[in-house]
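Report on the structure
Letter by letter, the chains look like this.
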Amino acid sequence: MNSNKWDWDGYGGYVGISYSVSNSILSVWSDGSNRKNLRMIKSFAPDENIIAETKFKTDGVSKWWQNHLVQKTNDIRNRFGLLDGADAGYTGLGWIVQYRRDGENDRQHSSTLYTLTAGVWYIDAIQKQSSDTFKAIIYDTNYNQLGNSFTQTSAAWADETWTWVTWKHETTKGHYDWIRIRKYTSSEPGVSVNSQTENF
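In short, a report on the structure. Please read all numbers here as calculations on a predicted model, not as lab measurements.

Procedures and definitions
Residues numbered from 1 in each chain as written. Predicted model: local features only at pLDDT ≥ 70, side-chain atom pairs only at ≥ 80, totals over all residues. Heavy atoms only, no water. Helix = DSSP H or I, 4+ residues; strand = E, 2+ residues; numbered from the N terminus. Rg over C-alpha atoms; globule rule 2.2 N^0.38 Å. Buried < 20%, exposed > 50% of the residue type's maximum accessible area, 1.4 Å probe, protein only. Contact = heavy atoms within 4.5 Å. Polar contact = N/O pair within 3.5 Å; in protein donor to acceptor, adjacent residues only side chain to side chain. Pairing = 2+ DSSP bridges.

Re the overall build of the protein chain
Helices and strands together make up the secondary structure of the protein chain, namely zero helices and 18 strands. Compactness check: the protein chain gives a C-alpha radius of gyration of 15 Å against a globular reference of 16 Å for 200 residues, within 12% of the reference. Dimensions of the protein chain, computed from C-alpha atoms along their principal axes, come out at roughly 35 × 35 × 35 Å. Among the 200 residues that make up the protein chain, the fraction classed as buried is 48%. Excluding contacts between residues fewer than 6 apart, the proportion of contacts in the protein chain whose partners are at least 24 apart in sequence is 61%.

The following block contains the structure:
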């Protein structure tokens, strides 16, 4: 991977993720004992309205924090992202949102947005719609929304600078075809404007 764009040596107290790249597909996994992460080096200011999109698939149920925006200076404080519901005690491949706001003692979770099928490609999006409002959506690969979306607003997020991360805990692999950041517009979904796809 390009070390000018990605940090896979560990971030925020976690060790670096295990990964491979084959035919332009990034595969990530851990060892079942540690949370391992991959971080995008680029950060996003409070007034930057963006969408973090990935095309991904999973080999099965695992604790995978798959598409997360987190506070750059402390990833266990403010966060918003999609993950495998196994971390919150859900069964099967129900995908949920995990979020946290300053002043709260623990992470919060949404109900299930959509139940995935192992080995199938999906697209998901974390929309940073304003300095304090985030929305999560899961699509099929033709951008048809699947299941429910989830939106949350918090004043605690308004002055934070954000970065993108993914964590893995289990040996079960997850796969990315691409990860990209683009500007958010209120007419979503639509044509990508000024998108930046981060190559591996």
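Considering the environment of Gln66
Tracing the backbone through its elements, the reader meets Gln66 in strand β8 (residues 64–71). Gln66 gets classed as buried once you look at its relative accessible area, which sits at 0%. The spatial distance from the C-alpha of Gln66 to the C-alpha of Trp178 is 13 Å, given a sequence separation of 112 residues.

Re the side chain of Thr163
In this structure, Thr163 sits in strand β16 (residues 162–168). Within the local environment of Thr163, its side chain forms a polar contact with the backbone oxygen of Met40, the two atoms lying 2.7 Å apart.

Section: the side chain of Arg79
The topology assignment puts Arg79 in strand β9 (residues 79–84). The buried category is assigned to Arg79, whose relative accessible area is 3%.

Focus: the pairing of strand β7 (residues 50–58)
The buried fraction of β7 amounts to eight of the nine residues, a majority that puts the element mostly inside the structure. Sheet analysis places β7 next to strand β13 (residues 122–128), joined by seven bridges and oriented antiparallel. In the sheet register, Glu53 faces β13, and the bridge partner there is Ala125. Where β7 lies against strand β17 (residues 174–183), nine bridges are found, and the strand directions are antiparallel.

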